[in-house]
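Single-letter residue listing:
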Amino acid sequence: MNTSELVEYQQKVEAYIKEHKMTDLFENLTRLLVLSRPQDPMTFLIDILENRRMQRLILVAGVVATTRQEIVVSLANMFNYKVITVDDHFKSHWINDDQVNQYIHAELKKTEKHFRGIVISGYPNNITQAYYLQSLGIIPERFFYLESDIDFCRQYYEQISESQEEVTKALTRDRLNKKDLEYIYGSYMDIFNTSKRTKEDIIENIKQIIRLRDRKFPPLRYPRVAIIRPPGLKERAIQLAQIFSKRYGLVQLITFDMIQQQIQNKGALGPLIYSTLQKEEDIPNDITNSIVYTELLSTEARTKGWVLEGFPKNEAQLKFLEAQNVNLFVILNEDEDVLINKSKQLKIDPVTKIKYEKVPLNNKPLLDRLQNYQVHNEQLFKSRISKYQAFVKLIEQKFGERVQVFKLEKDSTENIIRVTDVFLNNPKIYN
């Protein structure tokens, strides 16, 4: 190779390294080799690269700093992650994106390799910061976005703003930033509402996602999964639906959300559904069936498969769903006394008639309204539970091996996931 060919070759190598943003990596590896002078340099470099690859990056943004930081610190202690906190470094609420980006980049570069992962609190907050991370070739394993109800956010900004105009701008900015971040991160992003869920519940949910590594376990085909749960006890079922959706790439269909959407849209069905719920009566089956059927017919649901939570609730709805070729029924059940006790602990919003298992501590207007859920007598509780358990037996008899029943309290999420993995790769459930 003559001099001109050598120069051209070096230029191509340098261009390749620069294009793939590997300059810092090579410099760091060379520096570590010179400082350590290992007897087996190849094994030494392989160990370093494997440790680097195993370090996971978790992003947590949104909501006020104190709530977010409590969640971040708890996760970091749990998993031995290094914490990088934007709020601790920049005390001002209004800071330059370039400053934040440079700080994050510097902190990431000097993270010690003994940490299993890194969790960044308060970053990225907007599209500029997100694009900067991508320009570095950095893709997080998960992005957890913490949001709050609009009333809580407005109260927070009123405390730190000088005018109502600033409050409105801040709320608009947050809404647009969240939309941009959802566009960029897509399926890497999980959203938790701190006004509707307790801090402990959010930490537990994030912990499960991290432990499962949230990998998509590809089933044999595009399955259709129904999650059935006791009346009024929807928290655990919704949590499972979220995990199934992310893990298997399914469309997530939550019956409660579909019903509420009908009320908010103020269409033809909205007033009837609202008045029925106000009387604490069951929505007519034909209405519920039509709402669910519309969602099941969507192109995305038909091509990706779906996980349907909170449906069916009775034999008539089960007969309707049977025609949709459900591959797996995941049923949550418990002993009668356990279910009765959990039902007695429910809270109800007297305005919307919505029942809550966990009190949303960060939503003060709702918190002030909540009352203990009262029924006329304990026999009514027992009647509802008995009907549910009889319904579970009917499903087991009708669908046999396509049914898996789990204990609401005793079965861990990890165990339910393991069993579901096996079932979704069983050819028999697709016949």
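Each remark here, short or long, concerns the structure printed above.
For the structure given in this document, a descriptive report is provided here. Small disclaimer: the values here were computed from a predicted structure and weren't measured. (Residues numbered from 1 in each chain as written. Predicted model: local features only at pLDDT ≥ 70, side-chain atom pairs only at ≥ 80, totals over all residues. Heavy atoms only, no water.)

1. A look at the side chain of Ser 148
Here's step 1: Among the structural elements, Ser 148 can be located in the loop between β4 (142-147) and α8 (150-160).
Here's step 2: Within polar-contact distance, the side chain of Ser 148 engages the side chain of Thr 194 at 2.7 Å.
Here's step 3: Not counting residues up to four positions away in its chain, the partners in contact with Ser 148 are Val 63, Cys 153, Asn 193, Thr 194 and Ser 195. (Helix = DSSP H or I, 4+ residues; strand = E, 2+ residues; numbered from the N terminus. Polar contact = N/O pair within 3.5 Å; in protein donor to acceptor, adjacent residues only side chain to side chain. Contact = heavy atoms within 4.5 Å.)

2. Side note on the packing of helix α16 (residues 315-322) against helix α19 (residues 378-399)
Here's step 1: It is the contact of α16 with α19, at a shortest axis distance of 11 Å, that shows an interaxial angle of 25°. Here α16 is positioned roughly parallel relative to α19, judged by the angle of their axes. Handedness of the α16/α19 crossing: right-handed. On α19, the residues that touch Glu 315, Leu 318 and Glu 322 of α16 are Phe 391, Leu 394, Ile 395, Lys 398 and Phe 399.
Here's step 2: By residue class, the composition of the contact of α16 with α19 is five nonpolar, no polar and three charged. (Axes fitted to C-alpha atoms, helices over the stretch in contact; angles between N-to-C directions. Parallel < 35°, antiparallel > 145°, perpendicular 65-115°, else oblique. Left-handed = near helix turned anticlockwise from the far one by under 90°. Nonpolar A, V, L, I, M, F, W, Y, C, P; charged D, E, K, R; others polar.)

3. Here we look at the nonpolar core
Here's step 1: Ranked by internal contacts, the top residues of the largest apolar core, which has 31 residues, are Val 225, Ile 227, Phe 244, Val 307, Val 330, Leu 332 and Leu 424.
Here's step 2: Where this core is concerned, the elements lending two or more residues are β6 (224-228), α11 (235-248), β9 (328-333), α17 (336-344), α19 and α20 (413-423).
Here's step 3: Examining the composition of this core, we find that seven residues originate from one element, α11, more than from any other.
Here's step 4: Apart from residues lying up to four places away in sequence, Val 225 is in contact with Phe 244, Leu 250, Trp 306, Val 307, Leu 308, Leu 328, Val 330 and Leu 424. (Core = buried A, V, L, I, M, F, W, Y, C linked by side-chain atoms within 4.5 Å. Buried < 20%, exposed > 50% of the residue type's maximum accessible area, 1.4 Å probe, protein only.)

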